[in-house]
Structure formats: C-alpha cells, structure tokens
Amino acid sequence: MARTTSVGISERRKEGPEKLCGQAKYIDDHALPGCMHGVTLRSGVARGLIKSIDFEPGFPWHEYTIVSAVDIPGRNLVTLIEEDQPLLADRKIMHPHEPILLLAHADRAKAYEALKHIRVVYEKQEPVLTMEDSIALKHKIFGEDNVFKSYLIEKGDVAKGFEQARFIIEGEYRVPHQEQAYIENNGMAAWVEEDGTVTVLGSLQCPYYIHKALMKIFHLPEEKIRVIQSTTGGGFGGKEEYPSMIAGHAALLAWKAKKPVKIIYDRAEDMPATTKRHPAIVRHKTGLDKNGKLVAQDVDVIMDGGAYATLSSVVLSRGTLHAAGPYECPNVRVRSKVVATNTPPNGAFRGFGAPQTLFAVELHWEKIARATKIDSLTLRRRNLLKLGSVTATGQILRESVGASDVLERTVKDSGYVKKLKDYARWNKDKKKSCWKGVGLSLVHHGAGFTGSGEVYLASKAGVSITIDGRLQVLAASTEMGQGANTMFAQVASETLGVPYEWVEVETPDTKFVPNSGPTVASRTTMIVGGLVRRAALEMKAALSKEGLVLRTAADLKKAAKILCGSDLIRRFIVQYEKPGEIVWNDKTYKGDAYGAYAFAALVADLEIDKTTFEVKIDKITTAQDIGKAVNPLLTEGQIIGGTAQGVGYALLENAVYKDGAMVNGQFTNYIIPTSMDTPSMKVVIVEKPYSRGPFGAKGVGELPMDTPGPAIAAAVNFAAGIWLTELPLLPEKIFKAKNEAQG
Ligand code: MTE
Ligand code: MOS
C-alpha cells in the first residue's frame, strides 16, 4: 500500500514536472486562433486634463480596433475597495502612466507602431509628487485632505507613560518604493464566447477580484463572466490588483473586435506602470524605564498611496497593526495615514505594509541601545511578546507565541553575541580592508486577514470526487510558485488518508471553483488549507457512513459510484466560520487583530569594503515560527526567497522617480539581487502550533520579507560607525555618512 502520511514531508511540487519540462503554459504561450495584440496609450503627464486626442490622418486606422472610455458598456471603473480608479481616463489625469486608449492589431509590432501616431493634448496641472507636499496640501488631489485612509490605535495613556520614563528616544525611518520583480510580466488574454460570456485567461493572484471588476465593466451577471488562471510566473502581491485593469482592457478590446485579444506587458511597461511597495516615513518616540522596559510607544506612520486608493487602506492597516513590533508595552499610540500623490498607485507587495513599519521599530532599538547603553538583544528580551502578553490592540496572546524561541535560536546559531565583540575589535584595526558588522531583528506577522476581513470574505473551498474516481481540491487560491497546490494536496491526502499522488488540484477557474478569497496575506495554508481539511473530513465522514475506506484504486472507483450517484461529480464545499474567541472591532481598532502571529528573527553578518563601500553579506541566520511546516522544503524555499527580496530592499533596490514616473524601470538599472548577491543562509523552522490552523500551520509567505531590512541596516551602521535610517543602503550613502561621521 502506498504511503498515506503527507503533512510534514517535502512532497514534490504538483506542477514541478511540467514547469521543469517547459510544458507549463504561461499566458503568452497560449496560441489563440485569430488573436489580436492589445497595447495601451498612457498619459505622459502626472496631472492634468485631456483637451483632445488626435489621430494622425492617413494612418491605416481601419486595421485597428480602438477602445476609449466612451466604449465601456458598464462602469468605467477598476472595482476594488474604493470606486475611484477609472479603467480608462476620460478627462482627468492623475499620474503619468494612466491608461487613456487601447489599440489592437493582428500584428504586435503594428499595434505598438500606432501609438506613435496619436497625439493627446493636455491642460497640464502642477502635480503633487511627495508625501510631504501631499500632507502640506500643496494641491488638493483627493478629498479634503489628500488622505485615503487613517487609523488610530490607542492602549493605556501614552502621556502618562512618558511621565514615568527614564529614557525618551525619538527617531525617524524611511523606506522606498520596491518592485515585485516577478519573472513573468503581467499579461492577459480575453475573448467572448458565443453565448456572450466574457472570458479572460491570464497571470493573476485573485480570480474573483477580476470577476467582480468585469461584472461592473460589462454590466453582466456573474455567470456571464469567466476568469481562468494561466500558469503564473510569480506575483508577490504585484498581481493582486493590476490584473483587474489589464483584464478589463483585454476584454474590452476582444468584445469590440469580436476576436481574442492578448495584452502582454514587456518589462519596460510593467515596471513603471504597475504597483510598487508603498514608500513610508515612520516616526517613533519611545519611553523606557531604567531597566529598559517599555513604558510608552508613540508611532506615526505615513505611506504614499499614489494616485488612487487601490489597496492602500489594507496595506496601511497591516502596517499600523505591526508598527509597535512584537513587544508588550502598557501605553501605545499608533497614528497612521496613507496619502495621495500623482504617481502610479502603490499596492500589495509581500508583507503588505508590515516590512515598512517593522523596519522602523526594529532599527529604532539600535538608537535606544545607544541612548540607554543597554544592548538591543537585552532590550528585546525584556520586552518581547510572551504567552499571556497583551498587544497594542489589546489582544491577549493565548497560544502559539514563538518570539522568544526564534530569537534565542537565531542568536545562538549565528554566534551573534561573540561576533559583536569580535567585530568591534576588528573594526579598530585601521589596516583591515573592510569593516565587519552584525545586526539583529525580531518580527511578528499576523496570519491571514484581520478577524473582520475573513468574515467579510466568507471564503469557500472544498474537495470533490468525480464519477471516474478522481479526487480534487476546489479553490480559487492560485499557485504562483509559493506551493499552494502542493500544500492543498498534502492537506487533503493526509486528511483522507490517501496517497499524495491521488489528489489533484483543480485549475482556478471561476466556472468550476468556489471563491476561496484572494491569494494574499499568506492566508492560503492557514485559512483555505483549513477549509480544505474540513471539506476532506466531511468527505471522509460520508465515506465511512457508507462503510468505505480508500485503500486501493478499486476502493476509489467504488466510492465514486456511491458518492456521485447519478451525478458526474460530488462536491464537498465548506465556508469559513470565524472562531468564537476572535473578537475584533474595525472601528476602534481594538481586539484580536489576527487569529495568530508567526514570528521570525534574523541575524545578518556582513562586511563593507573600505574602498568601494559595497556591502557583502557573509551569512544570514534566521529562525521562523510558522506553526507547522506542511512541506519543509517549500517552507525553506519561501524563507530563502523572501529573505533574498529583503536583501534587495535593504541594499540594492532603488526606484528613481522623476515627475511622478519611475525612470529606471528595467533590470539593467533597477538592480535586484542575483544569486551572487544572495548570501548563504541558515534557516531554522520553529513549530509552535496554532490550534486553528490545519495541523497547526500559521503561514510563511510574507514573514521572511520583514526581517532583513532592519538587521542589515543595524549591521551596516555597526560596521561603519554611522547612523543611516533610510533604505536602500547604497554604497554612496554609506560613503557620505562615513565622511560626515569622520568630519
Ligand atoms: N512565493 C513565490 N514563489 N511567488 C510568489 O508570487 N508571493 C508571496 C508569498 N510567496 C509569492 C511567494 C506573497 S506576496 C504572498 S501573500 C504569499 O506567498 C501568498 O501565498 P500563501 O497564501 O500561499 O502564503
Ligand atoms: Mo501578498 S502582498 O499579500 O499578495
């Protein structure tokens, strides 16, 4: 009999062989008969009004399908949280990559050529390009105050807390834009079926977000819209919202042309036009008693939302909820806001606001250490969250708190304490060609959506058996490299007690799978995996009611006949139910922000060349508590990949903006880490099970992105004897800071 234990084993990726053999079809690999190629005309100005659009006379326009705002049969809108972003600008221009017009031609080169023969005349307006200008209301570009959303968390009495403080330390920290840098650019194909169903196929994270958006654009009922995921070459949050825009564009062209249309962005279009991580300014004022115990934390967060609201409110929410760090303090205030600027909208990127605010709180410990003369490890040990701790939102942590475990394991395995001393001695030696540094960070990451977020989503997922005896997982959650399909099959096979190989995962296609919510917020394993487990338990109960046990292929055939009856398929679908103990108030921002938190600590060990000021990371050591690693190898892959993205954020990635537009939107000058820049890593998985997660799992997708920034900044500052508080830590910034430090 085949092995039936699966969870905790590094099963092979479900889609591994087809990716390895080049058989997986990414969107541009799909050959659609009679397909036209769609291109987008974008505004070149950051802010203004369209005066006229002129088509050059004599150009063969009759060969083209042309779509503008007036052609939209339903609403001119990219539906998300707020209804503010048009699918095609009709008059007002809010940023330099705003889509205005769409063109399709059977020949891709000719489609691009036509863009040069259209002239848009604008009445230009002065743009608002920085967070500071937006807050100062240089111009009103959104509502009364340019603020998309703001939050306030209050615990205890901050003013009283500062009265008791022996030390009060203030600091300001800044983080920049960051590009998701998925391997496959955004792309989407669309066609209209004979029965009028608008169908899109493409690279995406959230099929039902697109489904909802298309219903509004075409003013069609849900059964007349179909969204299918093609093999997706990475998303990292970057395919959470923008695919709704591209899907809308491709579908409009296809609908008007009465032919399939593909829109595939090249890198130079994808990078500047689509979403980035929100830049942020975070200010801390922290009060501590003489022993270094926190008595007050006052945190102020500002994020740059770009021109439209998109997902900014939820990115800011997560940033706000993580701003105080994984620590307990009796008096906390976090004030946050995300403001509008005339730059392309910023959006989801792995970590979703948390890497921004955790960078600040973690690096701030080094400033506190300098002022209190208590080292930052001791400070963390004295203040970290433990079982029974009360967080900034008043959440009592009742289980699965691995903060101390990951910290101690990371410190021990990295030799952090000894290295601090050794490197301090090394750096005194003027003859050495480099400075050496070591830095530490400790973070928490709320698993899944907030309590109310999951209730609102009311996700559904399930398992099914077909009449011919195939077992399938049914969910709209997408595989984008993180291992969702493998995890689903492992959870289902373990629960049903059947071999991993027996379970298939249905393609996310809104025609066949229920809405299991978006593939975001590292929620797939904990939330959707939990639903799949419940559904599998229901199937198991139905089987045992019939006296059936699935041991052999013959059992499966028998079970199929009995369970399906006269149908082709029998589905077991379950819906999310909020655990009773999770109580969260969206208005007061008090209560159980997340069901559970994952925890991670990281030590970065690096050197800085004294001639070039380049940073070379020698070693990264990280321990991460994710409840349970359903698949240890894929978990380690998530940690290594997320850490590498964090290394890029800390040291290399520098999105340069001019007049509201990214000017280095190519990999030749927007530098991300290559394998040469990715240090050797020691990864330790810590498992503090969460009783509500399937087999104890809490999720690992984003957690690893939170740790590298602050640890690397701490190490760089320690090595060079400087105080830099803004990422990325480019050699020229280190050089300048070092010169200033030496007078
Ligand atoms: N890993 C790979 N290989 N590719 C990706 O696109 N996205 C990340 C993370 N890991 C991503 C990834 C992001 S932003 C999230 S939210 C989670 O995976 C989503 O998947 P999960 O819910 O299965 O963790
Ligand atoms: Mo991830 S940023 O939540 O898609």
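Please read these numbers as outputs of a predicted model, since none were measured by experiment.

A. Structural detail: the packing of aromatic side chains. Within this structure, the stated rule accounts for 14 aromatic pairs. The ring of Tyr500 carries Lys14 above its face, with NZ or CZ at 4.2 Å from the centroid. The lysine or arginine in question, Arg277, covers the ring of Phe349, its NZ or CZ lying 4.3 Å from the ring centre.

B. Examining helix H16 (residues 553-564) more closely. An ideal rise of 1.5 Å per residue puts 16 Å on 12 residues; H16 measures up with 16 Å between its terminal C-alpha atoms. Within H16 the residues assigned to the buried category are Asp555, Leu556, Ala559, Ala560, Leu563 and Cys564. Here the buried residues of H16 occupy an arc of 140° about the axis, which is enough to place them on one side. Projecting away from the buried face of H16 at angles above 90 degrees are the exposed residues Ala554 and Lys561. Buried residues along H16 sit against strand S17 (460-466), strand S18 (471-474), helix H15 (524-545) and strand S20 (569-575).

C. Spatial organisation of the site of ligand 1. By nearness alone, 16 residues border ligand 1, and Gly235, Phe236, Met480, Thr524 and Gln638 come closest of all. Gly481 is positioned such that a nitrogen or oxygen atom in its backbone is 3.4 Å from a nitrogen atom of ligand 1. Arg523 has a polar backbone atom sitting 3.2 Å from an oxygen atom of ligand 1. Across the shell around ligand 1, the residue classes break down as 4 nonpolar, 9 polar and 3 charged.

D. Spatial organisation of the pattern of salt bridges. In this structure the tally under the stated criterion is 43 salt bridges. Salt-bridge contacts for Asp157 lead to Lys160; the nearest nitrogen and oxygen are separated by 3.8 Å. In the salt-bridge network here, residues are joined through shared partners; they are Glu132, Glu172, Arg174, Arg283 and Asp300.

E. Broad picture of the side chain of His364. Along the chain, His364 falls in helix H9 (residues 354-372). Excluding its chain neighbours within four sequence positions, the residues that come into contact with His364 are Ile169, Glu170, Gly171, Tyr173, His284 and Thr286.

F. Region of interest: the domain arrangement of the chain. Taken domain by domain, the chain comprises domain 1 (16-25 + 459-575), domain 2 (32-125 + 180-273) and domain 3 (280-450 + 589-741). In this structure, domain 2 and domain 3 have C-alpha centres spaced 36 Å apart. Opposite the 26 residues of domain 2 that make contact, domain 3 presents 27 residues. In this assembly, domain 2 packs against domain 3 so that about 2300 Å² is buried in total across both faces, 64% of it on carbon and sulfur atoms. When the area that domain 2 buries against domain 3 is broken down by residue, the three leading residues are Met94, Phe236 and Met271, summing to 24%. If you look at where domain 2 meets domain 3, you find 0 salt bridges. The interface formed by domain 2 and domain 3 holds 7 residue pairs in polar contact (both at pLDDT 80 or more) in total. Of all the elements, helix H7 (residues 267-273) adds the most residues to the side of domain 2 that touches domain 3, at 5 residues. Residue composition of the side of domain 2 that touches domain 3, grouped by class: 13 nonpolar, 6 polar and 7 charged.

G. How the structure looks around the packing of helix H17 (residues 632-652) against helix H19 (residues 708-720). Here H17 crosses H19 at 50°, and the two axes come no closer than 8 Å. Regarding the angle of H17 to H19, the classification is oblique. Handedness of the crossing formed by H17 with H19: right-handed. Contacts between H17 and H19 involve Thr643, Gly646, Val647, Ala650 and Leu651 on the former and, on the latter, Pro708, Gly709 and Ile712. A class-by-class count of the residues in the contact of H17 with H19 yields 5 nonpolar, 3 polar and no charged.

H. Highlighting the sheet that holds S17. Across the sheet, which stays open at both edges, the 4 strands sit in the order S19-S18-S17-S20 with mixed pairing between neighbours. The sheet terminates laterally at strand S19 (503-505) and S20, the two strands that pair on one side only. The mean angle between the axes of side-by-side strands here comes to 25°, regardless of whether they run parallel or antiparallel. In this sheet, S18 lies alongside S17 in antiparallel orientation, the contact comprising 4 bridges. From the neighbouring strand, Val463 faces S18, where its bridge partner is Val473. Where helix H14 (residues 484-496) meets the sheet, it contacts S17, S18 and S19, and its direction lies at approximately 145° from that of S19.

I. Structural detail: the nonpolar core. Membership of the largest hydrophobic core comes to 110 residues, with the highest contact counts inside it found for Leu606, Ile608, Ile712, Val716 and Ile734. Non-local contacts of Ile712, meaning those with residues more than four positions away in its chain, are made with Ala604, Leu606, Ile617, Val647, Ala650, Leu651 and Leu729.

J. Quick peek at the sheet that holds strand S23 (residues 597-609). With mixed pairing, 4 strands are arranged side by side in an open sheet as S16-S23-S24-S27. Lying at the two open borders of the sheet, with one neighbouring strand each, are strand S16 (434-446) and strand S27 (680-686). Taking each pair of neighbouring strands and ignoring which way they run, the sheet shows an average axis angle of 10°. The pairing of S16 with S23 spans 13 bridges and is classified as antiparallel.

K. Highlighting the environment of Thr588. Tracing the chain through its elements places Thr588 in the loop between strand S21 (584-585) and strand S22 (590-591). On the basis of relative accessible area, Thr588 is assigned to the partly exposed category, the value being 38%. Each C-alpha atom, one on Thr588 and one on Leu152, is 7.9 Å from the other, the two residues being 436 residues apart in sequence.

L. Structural context of the environment of His211. Mapped onto the secondary structure, His211 falls in helix H5 (residues 207-218). Here His211 falls in the buried class, since its relative accessible area comes to 6%. Distance in space between the C-alpha atoms of His211 and Glu82 is 16 Å, their sequence separation being 129 residues. Excluding its chain neighbours within four sequence positions, the residues that come into contact with His211 are Glu222, Ile225, Val227 and Thr510.

How each quantity is defined
- Positions within a chain are numbered from 1, following the residues in the order the chain's sequence is written.
- Throughout, the order in which chains and ligands are written sets their labels, letters from A for the former and numbers from 1 for the latter.
- The predicted nature of this model means local features are confined to residues of pLDDT at least 70 and side-chain atom pairs, given and counted, to a pLDDT of 80 or more, with totals for whole chains, interfaces and linings taken over all residues.
- Excluded from the side-chain calculation are hydrogens and water; included are all heavy atoms of the structure.
- Two rings from Phe, Tyr or Trp (for Trp, the six-membered ring) form a pair when their centres sit within 6.5 Å of each other. Planes less than 30 degrees apart are called stacked, planes more than 60 degrees apart edge-to-face, and all others tilted.
- Counted as over-ring charges are cases with an Arg CZ or a Lys NZ within 6 Å of the ring centre that also lie within 35 degrees of the ring normal.
- Counting from the N terminus, the helices are the DSSP runs of H or I reaching at least four residues and the strands are the DSSP runs of E reaching at least two.
- To estimate how far a helix should extend, the number of its residues minus one is multiplied by 1.5 Å.
- Burial classes follow relative accessibility: with a 1.4 Å probe on protein chains only, a residue under 20% of its type's maximum area counts as buried, one over 50% as exposed, and anything between as partly exposed.
- Working note: the arc is built from the helix axis to C-beta atom directions.
- Here, residues are in contact when the closest pair of their heavy atoms is within 4.5 Å.
- Only heavy atoms are used to decide nearness, and a residue is near a molecule or strand if one of them lies within 4 Å of it.
- Contacts described as polar in this section are N or O atom pairs within 3.5 Å, which, within protein, must combine one atom able to donate a hydrogen with one able to accept it, while residues neighboring in sequence count only if both atoms come from side chains.
- Any residue outside Ala, Val, Leu, Ile, Met, Phe, Trp, Tyr, Cys, Pro, Asp, Glu, Lys and Arg is labelled polar, Gly included; the first ten of those are nonpolar and the last four are charged.
- Each salt bridge in this description consists of a side-chain nitrogen of Lys or Arg and a carboxyl oxygen of Asp or Glu lying within 4 Å of one another.
- Segmentation of the chain into domains, including their bounds, is taken from an automatic or database domain assignment.
- When two parts are brought into contact, each loses some accessible area as probed by a 1.4 Å sphere; the total of that loss over both is the buried area.
- Each axis is a line fitted through C-alpha atoms, and for a helix only the stretch in contact is used; angles between axes span 0 to 180 degrees, taken between their N-to-C directions.
- Convention used here: angles under 35 degrees read as roughly parallel, angles over 145 as roughly antiparallel, angles from 65 to 115 as roughly perpendicular, and any remaining angle as oblique.
- By convention, the crossing between two helices is left-handed when the near helix turns anticlockwise from the far helix through less than a right angle, and right-handed when the turn is clockwise.
- Two strands pair if DSSP finds at least two bridges between them.
- Only buried Ala, Val, Leu, Ile, Met, Phe, Trp, Tyr and Cys residues count toward a nonpolar core, and they belong to the same one when joined by side-chain atoms within 4.5 Å.

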